[in-house]
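Each chain, letter by letter, is given below.
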Amino acid sequence: MSHPIRVLIVDDHAMFRAGVRAELGSAVDVVAEAADVDEAVAAIAEHHPDVVLLDVHLPGGGGAEVMRRMPPTVVADGPRFLALSVSDAAEDVIGTIRAGARGYVTKTITGPELVDAIRRVSENDAVFSPRLAGFVLDAFAGTIEISAVDEDLDRLTEREREVMRLIARGYAYKEVARELFISIKTVETHMSSVLRKLQLSSRHELTRWASDRRLL
Amino acid sequence: MTTLSAPTERPVRRATRDTRQPIIGGVAAGLARHLGVPVVWVRAGFLIAAVLGGSGILFYAGLWLVLPGDSLHDREAPGLESAARQGRRPGRIRRLADSGPAIALVALGLGMVLTAEAIFGNGIVIWALVLAMLGFGLLWRQADEAQRSRWLDQSERLNPTRAVFGTGGWAAYVRVGAGFVLVVSAVALFAVRHGRVSDVYDVLISAALGVVGLGITLGPWIWRLTNDLAEERAERVRTQERADLAAHLHDSVLQTLALIQKNAADAPTVARLARSQERDLRAWLFEAPPDGGTLAGALREVVREIEDTYGVDVELVTVGDVDVDETLSPIVAAAREAATNAAKHAGSPVVDLYAEVSPDRVEVFVRDRGTGFDPHTVPADRQGVRNSILDRMTRHGGTAEIRSTPETGTEVRLQLPRQESNP
């Protein structure tokens, strides 16, 4: 990479922004900070960051609102969003991914891991924490309604399921690759494919699963 | 061991509007869900009834008025609710469904007017009726708004003036006044047109229509009022529960802060205190209330215990869940032992614990990135691995496998087939 990754930090807690900035150090170029949805949208327009570290709970409608307010022309080559949140409630995780984030990590993530996640997202890869992988497996579990609109989008392939299970078990990408005898590139392809399904699937379970889960 | 199953009370099934993907108001989808028939049938039924005589529209509008939206029953964790209230999470997107009462009212009005025309066959009554409908509409809308503001109001008593006028303000008074004037002028118009004694039947009919109108006006309002009262009472109980819990948590946070100040020089202790406090808060804010006795709950308990005892992070991910009975307790015990070993001996700061419940079996994986060991050279006196994990799992019909290398750390894989005990 010729230049350091340009990052925008969006979080309503100034203390946390300062903490993340310190933790990232010189590994990336933090171009700006924003404290709410309006500031974030303005900062993206002004600085054109590569990656936006986005808090999920944000004044002005939440992190999802920032992604919703991106003009369509920007979406193609605009910033990649990495959600960073203290909440790992299923509603928030799934909601944020479906709003367009390329990954979801919780705020307890260590500095080096965060830098690594930012790098992956900037290269348009998906970032799944073990928790998110677990949610994916949960959401895509069970039988599929016959009336499902798009079957391809509504189910994981066997390989994708294996990859997700290993991620949920705490395997790093290269460990997943070694375990399944595939290349890291292939692992990344599977992850992106799962992310796409997560974002586009019309499965009823994905939107309602979180609350229905308690009824199981 | 005998299992006593208390006669479980069947929960009352209530029909609700399905507000997930409504075409108009979600009535058809809600009805289909309630009756257990395909939604297409219900929609087709409404459509046919609407085309043949318009009763479908009336019926739909009526149901729209009396069926509560299912979002009323959605409950989220307090932290999520509070974040949503303060606009820090994406709220509900406004849809056509939100203007439901207005649309339903218009449909009802049209239906009434058309019915009247069909019965009387001329246009004289219609204008009186239209005026009356407008008047009732305004009154009804006012009632709706008053009820809404009262709903948001936290005061407990029901104030009749408040119930009619809401929070007051000139707009509320004007609306009520205008509605009243319109109703009166409708009656006057009718009287002027048919001022003769021979028209007494017409007057009677119009009075009957007026009563029907009143029923339509007040019916939904009374209905909603009762609903809201019940909802309010439930909400109050919940609020109290939460307040108690919050008080308990705040208390524990204070205790932890005090302990941290005392142990400020002792980094591991501070980290441990902070971690356990963080877990408490997180569970309260972002997780559904713990349902005791499930596999996920039992494993959370294991995680809590190990984090507190050994000062390592245990990352727990569960997929699916199931109630823990005596057939499943061995896998929980084995998982506890494996995680304890990882925390004690591996020297790795993070332990991953993953549990997956599938229809036919339960699997648990415990993984660390620590020093690793050779499972075959474990001395016979080390009871932990052999006895607590391998033997225990085999004894109960499951399997346990330990993979360990110095480079990648250790992973213990446990799996146990599920018995037919689950319904």
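Here, the structure is the one placed above.
Remember, predicted model here, so these are calculated numbers, not experimental data.

**Structural notes on the overall build of chain A**
Helix and strand counts for chain A come out as 11 helices and 6 strands. Taken across its 216 residues, chain A has 54% of its residues classed as buried. Pairs at least 24 apart in sequence give 67% of the contacts found in chain A among residues at least 6 apart. A total accessible area of about 9400 Å² is found for chain A, and carbon and sulfur atoms account for 55% of it.

**Side note on the overall build of chain B**
Secondary structure assignment for chain B yields 13 helices and 5 strands. Buried positions account for 36% of the 423 residues belonging to chain B. Sequence separation of 24 or more characterises 65% of the internal contacts of chain B that already satisfy a separation of 6 or more.

**Topic: the environment of B:A29**
Relative to the helices and strands, B:A29 resides in helix 1 (residues 27-35). A sequence separation of 10 residues divides B:A29 from B:V39, and the C-alpha atoms of the two residues are 5.5 Å apart.

**Concerning a nonpolar patch on the surface**
Residues and elements named next belong to chain B. Taken together, the side chains of I48, V51 and L52 present a nonpolar region at the surface, about 340 Å² in accessible area. Here V51 shows up in helix 2 (residues 39-51). With relative accessibility at 67%, the residue V51 sits in the exposed group.

**Looking at the nonpolar core**
Membership of the largest hydrophobic core comes to 53 residues, with the highest contact counts inside it found for A:V66, A:F81, A:F128, A:V136 and A:M191. Core analysis: the next-biggest nonpolar cluster, separate from the first, contains 32 residues, B:L316, B:A335, B:A343 and B:I402 among them.

**Comments concerning the sheet that holds strand 2 (residues 350-357) of chain B**
Residues and elements named next belong to chain B. Strand order in the open sheet made by the 5 strands is 1-2-3-5-4, with mixed pairing throughout. Two strands close off the open sheet at either side, each with one partner strand: strand 1 (313-319) and strand 4 (399-405). For this sheet the average axis-to-axis angle between neighbouring strands, irrespective of direction, equals 10°. Two elements, strand 4 and strand 5 (residues 409-417), share 7 bridges in a ladder whose sense is antiparallel. Of the residues in strand 5, the one forming a bridge with A400 is L414.

**A short note on the packing of helix 8 (residues 158-168) of chain A against helix 9 (residues 173-180) of chain A**
Residue and element names in this part refer to chain A. Look at helix 8 against helix 9: their axes get within 10 Å of each other, and the N-to-C directions meet at 130°. One way to sum up the angle between helix 8 and helix 9 is to call them oblique. For the pair helix 8 and helix 9, the sense of crossing is right-handed. Here R159, E162, V163, L166 and I167 of helix 8 lie close against helix 9, whose contacting residues are Y173, V176, E179 and L180. Its residues assigned to classes, the contact of helix 8 with helix 9 shows 6 nonpolar, no polar and 3 charged.

**Regarding the packing of aromatic side chains**
Residue and element names in this part refer to chain B. For the structure shown, the criterion picks out 3 aromatic pairs over all chains. With 5.8 Å between their ring centres and 40° between their planes, F46 and F59 make a pair best called tilted. One end of the pair, F46, is in helix 2; the other, F59, is in helix 3 (residues 55-66), with 13 residues separating them in the sequence. Taking the relative accessible area as the measure of exposure, F46 reaches 10% and is therefore buried. Centre to centre, the rings of Y354 and F365 are 6.0 Å apart; their planes meet at 35°, and the pair counts as tilted. Of this pair, Y354 sits in strand 2 while F365 sits in strand 3 (residues 361-368), and the two are 11 residues apart along the sequence. Judged by its relative accessible area of 0%, Y354 falls in the buried class. Linked through ring pairs, F46, F59 and Y60 together constitute an aromatic cluster.

**Remarks on the sheet that holds strand 3 (residues 51-55) of chain A**
All names here are of chain A. Strand order in the open sheet formed by 6 strands is 2-1-3-4-5-6, and the pairing between neighbours is parallel. The open sheet is flanked by strand 2 (29-34) and strand 6 (127-128), the only strands paired with a single partner. Strand direction decides the pairing type here: strand 3 and strand 4 (residues 80-85), joined by 5 bridges, are parallel. The residue of strand 4 that forms the bridge with D55 is L84.

**Examining the pairing of strand 3 of chain B**
Residue and element names in this part refer to chain B. The element strand 3 is largely enclosed, with a buried count of 7 among its 8 residues. Across 7 bridges, strand 2 lies against strand 3 in antiparallel orientation. Bridging across to strand 3, Y354 finds its partner in F365. The loop that links strand 2 with its antiparallel partner strand 3 comprises 3 residues. Sheet analysis places strand 3 next to strand 5, joined by 8 bridges and oriented antiparallel. Looking across to strand 5, one finds that D368 is bridged to T410.

**Notes on the side chain of A:H190**
Its location among the elements puts A:H190 in helix 10 (residues 184-200). Setting aside its immediate chain neighbours within four residues, A:H190 contacts A:R159, A:E160, A:V163 and A:I182.

**Things to note about the pattern of salt bridges**
Scanning all chains against the criterion turns up 24 salt bridges over all chains. Here A:E179 makes a salt bridge to B:R403, at a shortest N to O gap of 2.8 Å. Taken together, the residues span two chains, with A:E179 in helix 9 and B:R403 in strand 4. Judged by relative accessible area, B:R403 falls into the partly exposed class, the value being 33%. When the shortest N-O distance is used, the salt bridge between B:R336 and B:E305 registers 2.8 Å. Taken together, the residues span a long stretch of sequence, with B:R336 in helix 12 (residues 329-345) and B:E305 in helix 11 (residues 295-310) at a distance of 31 residues. A relative accessible area of 30% means that B:R336 is categorised as partly exposed. The partly exposed category is assigned to B:E305, whose relative accessible area is 38%. One connected set of salt bridges, linked through shared partners, spans A:D116, A:R119, A:R120, A:E123, A:K185 and A:E188.

**Focus on helix 9 of chain A**
Residues A:Y173, A:E175, A:V176, A:A177 and A:L180 constitute the buried set of helix 9 of chain A. On its buried face, helix 9 of chain A sits against helix 6 (111-122), strand 6, helix 8 and helix 10 of chain A together with strand 3 of chain B. Immediately downstream of helix 9 of chain A, the backbone of A:F181 shows phi near 55°, a positive value.

About the criteria used
Residues numbered from 1 in each chain as written. Chains lettered and ligands numbered in written order. Predicted model: local features only at pLDDT ≥ 70, side-chain atom pairs only at ≥ 80, totals over all residues. Heavy atoms only, no water. Helix = DSSP H or I, 4+ residues; strand = E, 2+ residues; numbered from the N terminus. Buried < 20%, exposed > 50% of the residue type's maximum accessible area, 1.4 Å probe, protein only. Contact = heavy atoms within 4.5 Å. Areas by Shrake-Rupley, 256 points an atom, 1.4 Å probe, with all protein chains shown as cover. Patch = residues over 30% accessible without salt bridge, like charges linked within 9 Å, V, L, I, M, F, W, Y side chains within 5 Å. Salt bridge = Lys/Arg side-chain N within 4 Å of Asp/Glu carboxyl O. Core = buried A, V, L, I, M, F, W, Y, C linked by side-chain atoms within 4.5 Å. Pairing = 2+ DSSP bridges. Axes fitted to C-alpha atoms, helices over the stretch in contact; angles between N-to-C directions. Parallel < 35°, antiparallel > 145°, perpendicular 65-115°, else oblique. Left-handed = near helix turned anticlockwise from the far one by under 90°. Nonpolar A, V, L, I, M, F, W, Y, C, P; charged D, E, K, R; others polar. Phe/Tyr/Trp six-rings, centres within 6.5 Å; stacked < 30°, edge-to-face > 60°.

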